[in-house]
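Residues per chain, in single letters:
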Amino acid sequence: MKKHLPNALTCLNLLCGCLALTLILGPGVSQADATSLSWQMPLVTAAYLIGIAAVADFFDGLVARALHVSSPIGKDLDSLADMVSFGVVPGAILFQLLRHALPATGLPEWLAYVAFVVSIFSALRLAKFNNDTRQSDSFIGLPTPACTLVVASLPLILVHDTFSLQDIILNPWVLLLLALTLAGLLVAELPLFALKFKNLRWHDNSLQFIFLLLSLGLLVVLQAAAIPLVILLYVLLSVVKTARA
């Protein structure tokens, strides 16, 4: 029974991604008026589903290693599930945000499809990860779950707009720049540390502990608005670590 537990978690990840897609591309978002706030709520529910998918994705590998039941099939299944939850979903969220932001600007509506560059580069990232022996204990390029958390946080920030960020988030140029930046980071030759703890000693895991403590502080103070900053912190700390190596 235990050998199926990691794959069950991976399937939970996939299920959450599929459910999120039905909400993002459903009539509740697609047919809503751009000036109405109702179109944002399905995206918010989708964001929570992606949060569950990210937790399942984190624990499937952890459980597989703990139970010594890792397998090539499990690795391939994980990538296929990630392509849906952390590849197609972020592209779809950005697509809908752009679709509702573009009409007020006079820019061509076809620009919304630029959002799917994130999905394309997520596929490249996942294929690269599966064949790159350098990424056993760390990452080269932004992991797809981290990319997706940035995108999924946008609807949450919109509906809990404590800091009046709506005009920034729904600025088409900001969204397009974000899509292109995330796509580039996904395949960049940028070493990033992994949240893997060899033990609980500070000396051996100081970077991970610093990241977690700073991230917790940001989340407490800024809530959903902290998520993009947490991912930015992750990248910056990784750059500092590489520079000191």
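About the criteria used
- Residues numbered from 1 in each chain as written.
- Predicted model: local features only at pLDDT ≥ 70, side-chain atom pairs only at ≥ 80, totals over all residues.
- Heavy atoms only, no water.
- pLDDT = per-residue confidence, 0-100.
- Helix = DSSP H or I, 4+ residues; strand = E, 2+ residues; numbered from the N terminus.
- Axes fitted to C-alpha atoms, helices over the stretch in contact; angles between N-to-C directions.
- Parallel < 35°, antiparallel > 145°, perpendicular 65-115°, else oblique.
- Left-handed = near helix turned anticlockwise from the far one by under 90°.
- Nonpolar A, V, L, I, M, F, W, Y, C, P; charged D, E, K, R; others polar.
- Core = buried A, V, L, I, M, F, W, Y, C linked by side-chain atoms within 4.5 Å.
- Buried < 20%, exposed > 50% of the residue type's maximum accessible area, 1.4 Å probe, protein only.
- Contact = heavy atoms within 4.5 Å.
- Phe/Tyr/Trp six-rings, centres within 6.5 Å; stacked < 30°, edge-to-face > 60°.
- Lys, Arg positive; Asp, Glu negative; His and termini not counted.
- Salt bridge = Lys/Arg side-chain N within 4 Å of Asp/Glu carboxyl O.
- Polar contact = N/O pair within 3.5 Å; in protein donor to acceptor, adjacent residues only side chain to side chain.

**Topic: the confidence of the model for the protein**
On average, residues of the protein score 92 in pLDDT, and 98% of them are at 70 or above. Ranking the elements of the protein by mean pLDDT puts helix α2 (residues 27–30) last with 81 and helix α8 (residues 172–187) first with 98.

**Observations concerning the packing of helix α1 (residues 5–24) against helix α3 (residues 40–67)**
Running from N to C, α1 and α3 point in directions that differ by 165 degrees, and their axes come no closer than 8 Å. As judged from the angle between their axes, α1 and α3 are roughly antiparallel. Here α1 runs over α3; the crossing is left-handed. Grouping the amino acids of the contact of α1 with α3 by side-chain chemistry returns 21 nonpolar, four polar and two charged.

**Thoughts on the packing of α1 against helix α4 (residues 72–101)**
Any two packed helices are characterised by the angle at which their axes cross and by the distance between the axes. At their nearest, the axes of α1 and α4 sit 9 Å apart, and the two run at 20 degrees to each other. Taken as axis vectors, α1 and α4 run roughly parallel relative to one another. Between α1 and α4 lies a crossing whose hand is left-handed. For the contact of α1 with α4, the class distribution of residues is 14 nonpolar, seven polar and two charged.

**Let's talk about the nonpolar core**
If you look at the biggest cluster of nonpolar residues, it comprises 64 residues, and the most contacted ones within it are Ile24, Leu94, Leu97 and Leu142. In terms of residue count, the dominant contributor to this core is α4 (ten residues). Leu142 has contacts with Arg125, Cys147, Leu182, Leu185, Leu186, Leu192, Ile231, Tyr234 and Val235, leaving out every residue within four places of it along the chain.

**What about the packing of aromatic side chains?**
Within this structure, the stated rule accounts for seven aromatic pairs. Consider the rings of Phe95 and Tyr113, whose centres lie 5.0 Å apart with planes at 50 degrees: the pair is tilted. In this pair, Phe95 sits in helix α4 while Tyr113 sits in the loop between α4 and α5 (117–131), placing the two residues 18 residues apart along the sequence. Ring geometry for Phe211 versus Tyr234: centroids 5.7 Å apart, planes at 50 degrees, classification tilted. Of the two residues, Phe211 is situated in helix α9 (residues 202–222) and Tyr234 in helix α10 (residues 226–244); the sequence distance between them amounts to 23 residues. The exposure class assigned to Tyr234 is buried, which follows from its relative accessible area of 7%.

**Some remarks on the side chain of Asp82**
Of note, Asp82 is situated in helix α4. Summary of buried charges: Asp82 has no salt-bridge partner, and the nearest side chain of opposite charge, Arg125, is 8.8 Å away. Looking at Asp82, its side chain comes within polar contact range of the side chain of Asn13, at 2.9 Å. Setting aside residues up to four positions removed in sequence, Asp82 forms contacts with Asn13, Asp57, Gly87, Leu126 and Thr144.

**Here's the deal with the environment of Asp57**
As for its placement among the helices and strands, Asp57 is situated in helix α3. Along the backbone, Asp57 and Leu12 are 45 residues apart, and their C-alpha atoms lie at a distance of 8.6 Å. If sequence neighbours within four positions are ignored, Asp57 has contacts with Asn13, Asp78, Asp82, Phe86 and Pro145.

**Here we look at the environment of Ala152**
Tracing the chain through its elements places Ala152 in helix α6 (residues 144–159). What makes Ala152 buried here is its relative accessible area of 4%. Residues within four places of Ala152 in sequence aside, it is in contact with Ala47, Ile50 and Ile93.

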